[in-house]
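Tertiary structure, described
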Amino acid sequence: MAEITAAVGATLSPEAVLRRQAEDALIRLAASPGFSSALLHLVESPAAAPHVRQAAAVYLKNHTGRLYQNANWRAEAVADRATLKASLIPIMLRVPVLV
């Protein structure tokens, strides 16, 4: 979770090299099981900075959209989908409006 938090935060960096490294790290991390759930927990985490939580929410939206178009993911990530479906609305109701 710390690695995902750091990578999401670094994607907001004004330094292009650091931002690109963070984006590459997120692409690598996205291939691991539970990545969507970890992003969801980051969005919910009050310990994370608001701008990181908001960036994680946007990344989760884009990541999920890409994955739902991928037939392999639909077949393999049943647990991630179930977690997202069960948790998304309750988390949206709990987090601050700006996140």
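See the structure above.
Residues numbered from 1 in each chain as written. Predicted model: local features only at pLDDT ≥ 70, side-chain atom pairs only at ≥ 80, totals over all residues. Heavy atoms only, no water.

**A word on the overall build of the protein chain**
As a reminder of what qualifies: Helix and strand definitions here come from DSSP, where helices need a minimum of 4 consecutive H or I residues and strands a minimum of 2 consecutive E residues; each element is numbered from the N-terminal end. Radius of gyration: C-alpha atoms only; globule rule: 2.2 Å multiplied by the number of residues to the exponent 0.38. Contact criterion: two residues are considered in contact whenever any of their non-hydrogen atoms come within 4.5 Å of each other. We get accessible surface area from the Shrake-Rupley algorithm with a probe of 1.4 Å; when it comes to residues, only the shown protein chains can shield them. His is not counted, nor are the chain ends; Lys and Arg add positive charge and Asp and Glu add negative charge. For this purpose, a charge sits on NZ of Lys, CZ of Arg, CG of Asp or CD of Glu.
Of the regular secondary structure elements, the protein chain holds six helices and zero strands. The C-alpha radius of gyration of the protein chain comes to 13 Å, within 12% of the 13 Å expected for a compact globule of 99 residues. With respect to the principal axes defined by its C-alpha atoms, the protein chain has extents near 40 × 30 × 20 Å. In the protein chain, the share of contacts with a sequence separation of at least 24, taken over all contacts with a separation of at least 6, comes to 57%. Accessible surface, the protein chain as shown: approximately 6000 Å² in total, 63% of it carbon and sulfur. A gap of 8 Å separates the mean positions of the 10 positive and 7 negative side-chain charges of the protein chain.

**With respect to the packing of helix 1 (residues 2-10) against helix 2 (residues 16-30)**
For clarity, the cut-off: Fitting a line to C-alpha atoms yields each axis, with helices limited to the stretch in contact; the angle taken between N-to-C directions then spans 0 to 180 degrees. Throughout, the term roughly parallel applies to angles under 35 degrees, roughly antiparallel to angles over 145, roughly perpendicular to angles from 65 to 115, and oblique to all others. It is the rotation of the near helix from the far one that decides the hand of a crossing: anticlockwise by less than a right angle makes it left-handed, clockwise makes it right-handed.
Closest axis-to-axis distance for the helix 1/helix 2 pair is 8 Å, and the angle between their directions is 140°. By the angle class used here, helix 1 and helix 2 are oblique. For the element pair helix 1 and helix 2, the recorded crossing hand is left-handed. Residue-level contacts link Glu3, Ile4, Ala7, Val8 and Ala10 of helix 1 to Leu18, Arg19, Ala22, Ala25, Leu26, Arg28 and Leu29 of helix 2.

**Digging into the pattern of salt bridges**
Stated formally: Salt bridges are defined by distance alone: a side-chain nitrogen of Lys or Arg within 4 Å of a carboxyl oxygen of Asp or Glu. Buried means the residue's accessible area, taken with a 1.4 Å probe over protein chains only, is under 20% of the maximum for its type, while exposed means over 50%, and partly exposed covers the values in between.
Taken as a whole and judged by the stated rule, the model has four salt bridges. For the salt bridge of glutamate 23 with arginine 20, the shortest nitrogen-to-oxygen distance reads 3.2 Å. Of this pair, glutamate 23 and arginine 20 both sit in helix 2, three residues apart, roughly one helical turn. Among the residues examined, glutamate 23 registers a relative accessible area of 29% and is labelled partly exposed. A residue is classified by how much of its surface remains accessible, and arginine 20, at 44% relative accessible area, is partly exposed. Of the charged contacts, one joins aspartate 24 and arginine 20 as a salt bridge, the two residues approaching to 2.9 Å between their closest N and O atoms.

**So, the nonpolar core**
Convention followed: The set of buried Ala, Val, Leu, Ile, Met, Phe, Trp, Tyr and Cys residues whose side-chain atoms join them within 4.5 Å is what this entry labels a nonpolar core.
By size, the foremost hydrophobic cluster in this structure holds 21 residues, and its most contacted members are Ile4, Val8, Leu26, Phe35, Leu39, Leu42 and Ala56. Ranked by the residues each element gives to this core, the list is headed by helix 3 (residues 35-44), at six residues. Once residues lying within four places of it in the same chain are set aside, the contact partners of isoleucine 4 are Leu26, Leu29, Phe35, Ala38, Leu39 and Leu42.

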